[in-house]
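Observations on the model geometry
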Amino acid sequence: MIYYLRGIYFERAKQWPKAEADLKKSLELFPDQPHVLNYLGYSWIDQGINLDEGMRMIKRAVEQRADDGYIVDSLGWAYYRLGNIEEAVKHLERAIELKPEDPTINDHLGDAYWRIGRELEARFQWSHARDLKPEPEDLIKIEQKLKSGLADESSSAAQAESKKPGGG
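The rules behind these values
- The numbering scheme is per chain: residues are counted from 1 as the chain's sequence reads.
- The predicted nature of this model means local features are confined to residues of pLDDT at least 70 and side-chain atom pairs, given and counted, to a pLDDT of 80 or more, with totals for whole chains, interfaces and linings taken over all residues.
- Note: side-chain values were computed over all heavy atoms of the structure, leaving out hydrogens and water.
- The term salt bridge refers to a pairing of a side-chain nitrogen on Lys or Arg with a carboxyl oxygen on Asp or Glu at a separation within 4 Å.
- Numbering of helices and strands runs from the N terminus; a helix is a DSSP stretch of H or I covering at least four residues, while a strand is a stretch of E covering at least two.
- Expected helix span is given by 1.5 Å per residue-to-residue step, counting one fewer step than there are residues.
- Accessibility here uses a 1.4 Å probe with only protein chains present; expressed as a share of the type maximum, an area under 20% marks a residue as buried, one over 50% as exposed, and anything in between as partly exposed.
- Think of a polar contact as two N or O atoms within 3.5 Å of one another; within protein, one of them needs to be a possible hydrogen donor and the other a possible acceptor, and neighboring residues in sequence only count if both atoms come from side chains.
- For Phe, Tyr and Trp, where Trp contributes only its six-membered ring, two rings pair if their centres lie within 6.5 Å, and the inter-plane angle classes them as stacked under 30 degrees, edge-to-face over 60, or tilted in between.
- Per residue, pLDDT captures the predictor's confidence, and it can take any value from 0 to 100.
- Here a residue-residue contact requires only that any non-hydrogen atoms of the pair lie within 4.5 Å.
- Charged-residue counts in this description rest on Lys and Arg as positive and Asp and Glu as negative, His and the chain ends being excluded.
- Among the buried residues, those of types Ala, Val, Leu, Ile, Met, Phe, Trp, Tyr and Cys that are joined through side-chain atoms within 4.5 Å form a nonpolar core.

Side note on the pattern of salt bridges
Between side chains of opposite charge, pairing is possible as soon as their charged atoms come close. Counting across every chain of the model gives 14 salt bridges. Among the charged side chains, a salt-bridge network with shared partners connects Asp 67, Arg 94 and Glu 97.

Printed below as a string of structure tokens:
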């Protein structure tokens, strides 16, 4: 637990190498701890690295905690980052059912809706996320999306792929 909590601290302090080392150590000591699997897997996927292993870890976490909105959100966001938007929407809608008051989950669902052309629903989710008092840096991004939508991108998966060290 100490390594997990310190890993979270380091990640939030933007000290990723230290965070990653602590999260890995936590998993070494308790290999199937769902919150650690989720945190490390999500972090990797969000950075566009270790995508396959990150997805496996998040799926293992969901198997153990299928009713945890944060973990289900991670699976949806992982699918989003990998470019499987239809699957992302399915899991993000489930995460909203489990944690309707979380601004990040609402923001993620808004992004997924936008990518599949459900722009009215996307704006609703972003408005809801804004009203749920997100972190100040997230609020700025949400307000920008409410004004302009999401910028076009060729593919979340292509972006994630290009971030992989050494191409894999």
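Focus: helix α5 (residues 69–81)
In this model α5 runs 18 Å from its N-terminal to its C-terminal C-alpha over 13 residues, within 8% of the 18 Å that 1.5 Å per residue would give. For α5, a buried count of 12 out of 13 residues is recorded, marking the element as mostly surrounded by other parts of the structure. Of the positions making up α5, those classed as buried are Gly 69, Ile 71, Val 72, Asp 73, Ser 74, Leu 75, Gly 76, Trp 77, Ala 78, Tyr 79, Tyr 80 and Arg 81. Where α5 begins, the side chain of Asp 68 points an oxygen toward the backbone nitrogen of Tyr 70, at a separation of 2.9 Å. Once α5 finishes, Gly 83 follows within two positions and takes phi at roughly 90°, a positive value.

Regarding the packing of aromatic side chains
Applying the stated criterion across every chain yields a total of four aromatic pairs. Measuring from ring centre to ring centre gives 5.6 Å for Tyr 9 and Phe 10, while their planes differ by 55°; the resulting arrangement is tilted. Judged by relative accessible area, which is 14%, Phe 10 ranks as buried.

A closer look at the confidence of the model for the protein chain
Across the protein chain, the average pLDDT comes to 91, with 90% of residues at or above 70. Per-residue pLDDT stays below 50 along residues 154–168; that stretch engages in 19 contacts with residues further than four places along the chain or on separate chains.

Brief notes about the side chain of Glu 20
Its location among the elements puts Glu 20 in helix α2 (residues 16–29). Buried charge without a partner: Glu 20 forms no salt bridge, and the closest opposite charge is Lys 24, 4.0 Å away. With residues near it in sequence (within four places) discarded, Glu 20 still touches Leu 40, Trp 44 and Asn 50.

Quick look at the side chain of Arg 81
Locating Arg 81 in the fold gives a position in helix α5. According to the relative accessible area criterion, Arg 81 is buried, its value standing at 11%. There is a polar contact of 2.9 Å between the side chain of Arg 81 and the backbone oxygen of Asp 46.

Comments concerning the environment of Glu 87
Take Glu 87: it is sitting in helix α6 (residues 85–98). Through-space distance from the C-alpha of Glu 87 to that of Val 62 is 15 Å; in sequence the pair is 25 residues apart. A distance of 3.1 Å separates polar atoms of two side chains, one belonging to Glu 87 and the other to Lys 90. One polar contact links Glu 87 to His 91, side chain to side chain, over a distance of 3.0 Å.

Describing the nonpolar core
One finds Trp 16, Leu 23, Leu 40, Tyr 80 and Trp 126 to be the most contacted residues of the largest nonpolar core, which totals 44 residues. Per-element tally for this core: the top contributor is α5, with seven residues.

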